[in-house]
Amino acid sequence: MTQKNVWVAVLATPVMIAVLLLFAGSSRVTANDQPSAATAEVKIDNFSFGPQTVTVPVGATVTWINRDDIPHTVVSTDGVFKSKVRDTDEKFSYTFAKAGTYPYFCSVHPKMTGKVVVQ
Ligand SMILES: [Cu+2]
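In this report, we go over the structure that sits alongside the text. (Residues numbered from 1 in each chain as written. Predicted model: local features only at pLDDT ≥ 70, side-chain atom pairs only at ≥ 80, totals over all residues. Heavy atoms only, no water.)

### Regarding the pairing of strand β4 (residues 61–66)
Phase 1: Taking burial as the measure, the 6 residues of β4 include 5 buried ones, the bulk of the element.
Phase 2: The sheet contact formed by strand β1 (residues 39–45) and β4 spans 6 bridges and is parallel. In the strand pairing of β4, T39 is matched with T61.
Phase 3: As judged from the 5 bridges shared by β4 and strand β6 (residues 91–95), these two strands associate in the antiparallel manner. Pairing of W64 across the sheet is with F92, part of β6. (Buried < 20%, exposed > 50% of the residue type's maximum accessible area, 1.4 Å probe, protein only. Helix = DSSP H or I, 4+ residues; strand = E, 2+ residues; numbered from the N terminus. Pairing = 2+ DSSP bridges.)

### Concerning the sheet that holds strand β8 (residues 113–118)
Phase 1: Taken together, the 4 strands give an open sheet; going across it, the order is β3-β8-β7-β5, and neighbouring strands pair in mixed fashion. In the strand order of this sheet, the two ends are held by β3 (53–56) and β5 (75–76), each with one partner.
Phase 2: For strand β7 (residues 100–105) and β8, the ladder comprises 6 bridges, and the chain directions are antiparallel. Counterpart to T101 in the pairing with β8 is V117.

Printed below as a string of structure tokens:
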């Protein structure tokens, strides 16, 4: 090693250790702050999704539950998710791994629309 390279190594090592500690620390903090993934619920009732727009963190699971007395579906406009026909009190869940805006509708009644915002 040249004199210059030795100094680079001497200076770089504590920086790398600090970076590693930072990463280890931050992942531990994340684990403590979010012991389980976030969840949100959307009720389907009277031909509407409520709340119509639900905002969740990345990784959250949204569960739709049909409280109406007729069947509905939950279908992503962009083809990201698609439920089967949900009868009264049946549920559909989807976990959002990526940030974005996910509009959806009921394929039986396309005027029923909603939106999930993942951030
Ligand atoms: Cu419907």
